[in-house]
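Observations on chain architecture
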Protein chains: 2
Amino acid sequence: MAELSARSGVPVATVKYYLRAGLLRPGVSTSATRSTYDSSHVQRLRLIRALVDIAGLSLGDVQRVLTAVDDESVSMHDAMGSAHSLLSSGARPSAAARERVDRVVESLGWRVAPDSPNRAGLAAALAALEDVEHALSDQTLRTYASSMHDVAEADLDTVPTADRQAAVHAAVVGTILVEPVLTALRRLAQEDVSGRRFGG
Amino acid sequence: MAELSARSGVPVATVKYYLRAGLLRPGVSTSATRSTYDSSHVQRLRLIRALVDIAGLSLGDVQRVLTAVDDESVSMHDAMGSAHSLLSSGARPSAAARERVDRVVESLGWRVAPDSPNRAGLAAALAALEDVEHALSDQTLRTYASSMHDVAEADLDTVPTADRQAAVHAAVVGTILVEPVLTALRRLAQEDVSGRRFGG
């Protein structure tokens, strides 16, 4: 247990809590006071910490994600989606904003679930721009969509597909922690483009 | 004054405060109690509100941006940069993280000021990924950079270049409020790519 804690970086008390809550499978008992844990336990602890610390999920939501990860009859896509859908903010945009998003997704030919929370997320973000009279044209939106599809292809290239648990871990960490990287790259690129166009 | 407040959406008391602070040029007096304001006043109020409400700048920082906007000897690039550099979080990444960013920017051929806060922003974001053992390869980083450069070109296409005040307004609002749009598009695109690769 002390070794598992050291290797995963999760305190012993927290490991015991996850064991009691059923989030972590028990080790193999080797004596009254000792159990053996393997690398799958370390990996599971890393996934739980990523879902709690990085994605900000409650332990109830973590449990739901882990159930999808462990159920081999759930496709890899749906296992990742179970984590993904919990990352969304629960925005409730107007019907008009939702309809524009549905039209855009349709015209792009993207396969997205009709009830995907990501549709509502985009609708809310577009509505916030309209509120300050900075609405995006369809052409600008399509340019952004095309660039972000390239980003998503690169995202999925980094997901290890052989291991469901590692895949969900990579998808969650990659989705959330790569966002600041993209934000910083965009600002650096703006600086470059602005300098080329307007001098300085 | 009441009409200026109604047209800009800024309360009369706030307009008076900006006049006293020198952020807003006085109108032309037409009587002891009336002045005439024009569309440049409305636009200036919108810019101040965007800098305060959306970018979260202090009034001191707003003053600095407005000085750059009003000084015609400052290039458009530097006027936008004065707002841009104030949007950054003031991260202090390690020297090693900074050096990687400098190498990447150099290899991309981007023209970015050596002391740009956007370099520190990228270094901090990359370090956060390394901390959770999800470091990005140079190849992935270059793919992201290329996509974000396309985004930046589209960003700058929406900036009205004839009017410095409107340009800075569009750059600030566009930079910050488009971020959630890109985040939502990326997640929608991930859903599409994941579905195509892993079924579901």
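This structure is a prediction, so every number in the text was calculated from the model and none was measured. (Residues numbered from 1 in each chain as written. Chains lettered and ligands numbered in written order. Predicted model: local features only at pLDDT ≥ 70, side-chain atom pairs only at ≥ 80, totals over all residues. Heavy atoms only, no water.)

1. Examining the overall build of chain A
We apply this condition: Strands are runs of DSSP state E lasting at least two residues, helices are runs of H or I lasting at least four, and both sets are numbered from the N terminus onward. Radius of gyration means the value over C-alpha atoms here, while the globule rule gives 2.2 Å times the residue count to the 0.38 power. Using a 1.4 Å probe on the protein chains alone, a residue whose accessible area is under 20% of its type maximum counts as buried, one over 50% counts as exposed, and one in between counts as partly exposed. What makes two residues a contact is simply this: any of their non-hydrogen atoms within 4.5 Å. Accessible surface is estimated by sampling points in the Shrake-Rupley manner with a 1.4 Å probe; for residues, cover comes only from the protein chains shown. By the counting rule applied here, Lys and Arg register as positive and Asp and Glu as negative, while His and the ends of each chain are not counted. Taken as the charge centre is NZ of Lys, CZ of Arg, CG of Asp or CD of Glu, depending on the residue.
Along its length, chain A carries nine helices and two strands. In sequence order, the secondary structure elements of chain A are arranged as α-α-β-β-α-α-α-α-α-α-α. Here chain A has a C-alpha radius of gyration of 21 Å; the compact-globule value for 200 residues is 16 Å, and the former is much larger. When the backbone C-alpha atoms are referred to their principal axes, chain A occupies close to 70 × 45 × 30 Å. Expressed as a percentage of its 200 residues, the buried residues of chain A come to 48%. Of the contacts formed within chain A by residues at least 6 apart in sequence, a portion of 57% connects residues at least 24 apart. Summed over its atoms, the accessible surface of chain A is roughly 9400 Å², and 49% of this surface lies on carbon and sulfur atoms. Considering chain A, the positive charge centre built from 21 side chains and the negative charge centre built from 24 side chains are found 5 Å apart.

2. What to know about the pattern of salt bridges
So the rule is basically this: The working definition used for a salt bridge is a side-chain nitrogen of Lys or Arg within 4 Å of a carboxyl oxygen of Asp or Glu.
For the coordinates displayed, the defined rule picks out 26 salt bridges over all chains. Between Arg186 of chain B and Asp155 of chain A there is a salt bridge, with its nearest N and O atoms 2.8 Å apart. In this pair, Arg186 of chain B sits in helix H9 (residues 164-198) while Asp155 of chain A sits in helix H8 (residues 138-157), so the two residues belong to two different chains. With respect to class, Arg186 of chain B is no different from Asp155 of chain A; both count as buried. Here the salt bridges share partners, and the residues they tie into one network are Arg98, Asp102 and Arg119 of chain A.

3. Remarks on the interface of chain B and chain A
Using the following cut-off: By convention, the term buried area covers the 1.4 Å-probe accessible surface removed from two parts as they join, with the contributions of both added. Here a polar contact is recorded for every N or O atom pair within 3.5 Å, except that within protein the pair must consist of a potential hydrogen donor and a potential acceptor, and residues adjacent in sequence are included only if both atoms are side-chain atoms.
The partner chain A presents 76 residues to the 76 residues of chain B that form the contact. A buried area of about 7100 Å², summed over both sides, lies between chain B and chain A, and 65% of it is on carbon and sulfur atoms. Together, Arg186, Arg187 and Phe198 of chain B form the three largest contributors to the area buried by chain B at its contact with chain A, with a combined 11%. There are eight salt bridges connecting chain B and chain A. Linking chain B with chain A are 36 residue pairs in polar contact (both at pLDDT 80 or more).

4. What about the packing of aromatic side chains?
Residue and element names in this part refer to chain A. Rules: Two aromatic rings, drawn from Phe, Tyr or Trp (for Trp, its six-membered ring), form a pair once their centres lie within 6.5 Å of each other, and the interplanar angle then sorts them: stacked below 30 degrees, edge-to-face above 60, tilted otherwise.
Using the criterion set out here, one finds two aromatic pairs over all chains in the structure. Where Tyr17 meets Tyr18, the ring centres are 6.4 Å apart and the plane angle is 65°; that geometry is what we call edge-to-face. For Tyr18, a relative accessible area of 3% puts it in the buried group.

5. Notes on the layout of surface pockets
Rules: Points on a 1 Å grid, built from protein atoms alone, make a cavity when a 1.4 Å probe fits but cannot get out and make a pocket when they are open with protein on both sides within 12 Å along at least 5 of 7 lines; residues with an atom within 4 Å of a point are the lining residues. Grid points are joined across faces, edges and corners, and a volume is the space filled by probe spheres set on the points. Side-chain classes are defined by residue name, with Ala, Val, Leu, Ile, Met, Phe, Trp, Tyr, Cys and Pro counting as nonpolar, Asp, Glu, Lys and Arg as charged, and the others, Gly among them, as polar.
In this structure, the largest pocket spans a volume of roughly 490 Å³. For the lining of the largest pocket, the secondary structure elements donating two or more residues are helix H9 (164-198) of chain A together with helix H5 (76-84), helix H7 (117-131), helix H8 (138-157) and H9 of chain B. It is H5 of chain B that provides the largest number of residues to the lining of the largest pocket, a total of six residues. Residue composition of the lining of the largest pocket, by class: 10 nonpolar, 15 polar and six charged.

6. Considering the relation of the copies chain B and chain A
What counts here: We superpose the copies by least squares over the C-alpha atoms of residues that have a pLDDT of at least 70 in both of them.
You can overlay chain B on chain A at an RMSD of 0.0 Å; the transform is a turn of 180° with a shift of 0.0 Å along its axis. Expressed as an axis order, the relation between the two copies is that of a two-fold axis. By C-alpha distance to the rotation axis, the residue of chain B lying nearest is Ser147 of chain B, at 2.5 Å. A share of 100% of interface residues in chain B that are also interface residues in chain A marks the association as one of identical surfaces.

7. Points about the nonpolar core
Basically, it comes down to this: We define the nonpolar core as a collection of buried residues of types Ala, Val, Leu, Ile, Met, Phe, Trp, Tyr and Cys that are connected through side-chain atoms lying within 4.5 Å of one another.
Membership of the largest hydrophobic core comes to 126 residues, with the highest contact counts inside it found for Val168, Val181 and Leu185 of chain A together with Val168, Val181 and Leu185 of chain B. Not counting residues up to four positions away in its chain, the partners in contact with Leu185 of chain B are Trp110, Leu122, Leu141, Tyr144, Ala145 and Met148 of chain A.

8. Here's the deal with the confidence of the model for chain A
Segments scoring low in pLDDT should not have their predicted coordinates read at a detailed level. Residues and elements named next belong to chain A. Rules: The pLDDT score gives, residue by residue, the confidence of the prediction method on a 0 to 100 scale.
In this model, chain A carries a mean pLDDT of 89, and residues with pLDDT of at least 70 account for 98%. The spread of mean pLDDT over the elements of chain A runs between helix H5 (residues 76-84), the lowest at 83, and H8, the highest at 96. Predicted complex metrics record ipTM = 0.86 and pTM = 0.85.

9. Some thoughts on the environment of Val105 of chain B
Mapped onto the fold, Val105 of chain B is located in helix H6 (residues 95-108). Distance in space between the C-alpha atoms of Val105 of chain B and Leu23 of chain B is 36 Å, their sequence separation being 82 residues. Look past the residues within four positions of Val105 of chain B in its chain and what remains in contact with it is Leu188 of chain A together with Trp110, Val112 and Arg119 of chain B.

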